[in-house]
Amino acid sequence: MASEEELAMPTSLTVRLLMQGKEVGSIIGKGGDHVKAIREESGARINISDGSVPERIVTITGALDCVMTAFAMICSKFEEDLRMAASTGSVPPITLRMIVPATQCGSIIGKGGQKINEIRDTTGASVQVASEMLPGSTERAVTISGKSEAIHKCVDIIAKIMLENPAKGPVIPYRPSRMPTPLPVAPQMSAAPPMLLNGQLFTIQGNLAMPFHHEMGMVVQDGKNKPQPLLVPMPVSPQGLLSPVSSAKSHTQEMTIPNELIGCIIGRGGAKINEIRQASGANIKIGNLEEGSMERHVTITGSPDQIQMAQFLINTRLTSELGNLLLPPLL
């Protein structure tokens, strides 16, 4: 009979792989024949993201044995492709990139890297967990290299870890996109994502809201003749970056945040939450931890722009904290 732990474990698993167009083409096959065969033989659902961008995501969903059967067929196909392309008798290793929520990566690494070293030793595969989140997401890439059998064993272990340790809190999935031209950012300043508020583009630098002026590529020069973006600091007033609104025009939005991360939002003596209140102009209340819950409710009240700014600042703090807490340097 199955143990209580096994019965409590989720039965459905989703594995996401980040691939280049050529790799995806190999999985699909001529006229879609190969991906159809994988679906039919494994019983797993396989979806492939839009092909208008260089990177694509292959999503495999189903029971663990179905997902692993599909994975074995994909690895076998890649190994066959590498064998045919090899000019010598030596076949290079397969390399795959899994996309894993950042909150699950700590369980894959283990305390002091113990778990990831165990996975490497047990399977013979090379495993690396990226130190940075994928752009615009709360997910990281886990790169696995080796022979087909080694990768299959490795993914099987990681999949079981993911089932045993579900992602905590909301997950912002990575979505490949065409690489936009990045906005220039002044040196030694944080590169927080910009926000468009009241018709002006802002970035948040500590306690300052920085309006970004970019007209026809005009820049100012520093003493070393290096072009710099024209950023004009604008101190945040006690009422916030945005003008206060009357209660008649106010809106309310709720967020849920894992209790283990709420400290980075509050800060020592409430310093961080007060900064967010001042910068956004919104009224922010953090609820008490309810019995049996692992999450805290955060209520944000203000105008739509104030709420948007507060959510942006809270999410920026969470992203920074996850980056500091979850992953040690690559082993």
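Counting of residues starts from 1 at the beginning of each chain's written sequence and follows it residue by residue. Selection of residues for local features in this predicted model requires a pLDDT of at least 70, selection of side-chain atom pairs for listing and counting requires 80 or more, and totals for whole chains, interfaces and linings are taken over all residues. Excluding hydrogens and water, the side-chain figures rest on all heavy atoms present in the structure.

A. Looking closely at the overall build of the protein chain. Along the backbone of the protein chain there are ten helices and 16 strands. Partitioning the contacts of the protein chain with sequence separation of at least 6, the portion at a separation of at least 24 is 67%. Accessible surface for the protein chain amounts to roughly 18600 Å². Of this, 54% is attributable to carbon and sulfur atoms. Numbering of helices and strands starts at the N terminus; helices are DSSP runs of H or I of at least 4 residues and strands are runs of E of at least 2. Between two residues, a contact is recorded if the distance between any of their heavy atoms is within 4.5 Å. Here the open area of atoms and residues is found with the Shrake-Rupley method and a 1.4 Å probe, where only the protein chains shown may cover a residue.

B. A look at the packing of helix α3 (residues 33-42) against helix α4 (residues 64-85). Only the stretch in contact is used when a helix axis is fitted, and all axes are lines through C-alpha atoms; the angle between N-to-C directions ranges over 0 to 180 degrees. Their axes nearest at 8 Å, the elements α3 and α4 cross at an angle of 145°. For the crossing formed where α3 meets α4, the hand is right-handed. Seen from α3, the contacting residues are H34, A37, I38, E41 and S42; seen from α4, they are C66, T69, A70, M73, I74 and K77. A per-class count over the contact of α3 with α4 returns six nonpolar, three polar and two charged. We call a crossing left-handed when the near helix sits turned anticlockwise from the far one by less than a right angle, and right-handed when that turn is clockwise. Following the grouping adopted for this structure description, the nonpolar residues are Ala, Val, Leu, Ile, Met, Phe, Trp, Tyr, Cys and Pro, the charged ones are Asp, Glu, Lys and Arg, and the polar ones are all others, Gly among them.

C. Here's a closer look at the pattern of salt bridges. A pair is scored as a salt bridge if a Lys or Arg side-chain nitrogen falls within 4 Å of a carboxyl oxygen belonging to Asp or Glu. If you walk through the whole model with that rule in mind, you get seven salt bridges. In this structure, D81 engages K77 in a salt bridge whose closest nitrogen and oxygen atoms are separated by 2.9 Å. With D81 and K77 both in helix α4, this residue pair falls four residues apart, about one helical turn. Burial classes follow relative accessibility: with a 1.4 Å probe on protein chains only, a residue under 20% of its type's maximum area counts as buried, one over 50% as exposed, and anything between as partly exposed. Since its relative accessible area comes to 26%, D81 is described here as partly exposed. The residue E149 makes a salt bridge to K153 at a minimum N-O spacing of 3.5 Å. With E149 and K153 both in helix α7 (residues 148-164) and four residues apart, this pair spans about one turn of that helix. Judged by relative accessible area, which is 41%, K153 ranks as partly exposed.

D. Structural context of α7. Taking 1.5 Å per residue as the helical rise, α7 with its 17 residues ought to reach 24 Å, and the 24 Å between its terminal C-alpha atoms agrees with that figure. Residues of α7 that are buried include every one of S148, A150, I151, C154, V155, I158, A159, I161, M162 and L163, and no others. Residue count minus one, scaled by 1.5 Å, sets the expected span of a helix.

E. Quick peek at the sheet that holds strand β1 (residues 12-20). If you walk across this open sheet you meet the six strands as β2-β3-β1-β4-β6-β5, and the pairing is antiparallel. The sheet is open, and its two borders are formed by β2 (45-48) and β5 (126-129), each paired with just one other strand. For this sheet, the mean inter-axis angle between neighbouring strands, taken without regard to orientation, is 25°. Any two strands with at least two DSSP-identified bridges between them are counted as paired. Examined bridge by bridge, β2 and strand β3 (residues 55-63) share four bridges and lie antiparallel to one another. Across the sheet, the residue bridging to I48 is V58, located in β3. On the sheet, α4 packs against β1, β2, β3 and β4 (94-101) and is oriented at approximately 140° with respect to β3.

F. Region of interest: the packing of α4 against α7. Running from N to C, α4 and α7 point in directions that differ by 150°, and their axes come no closer than 10 Å. As far as their axial angle goes, α7 and α4 are roughly antiparallel. For the pair α4 and α7, the sense of crossing is right-handed. Here L64, M68, F71, A72, C75, S76 and E79 of α4 come into contact with α7, specifically with S148, I151, H152, V155, D156, A159, K160 and L163. Should an angle lie under 35 degrees it is considered roughly parallel, over 145 roughly antiparallel, and from 65 to 115 roughly perpendicular; all remaining angles are considered oblique.

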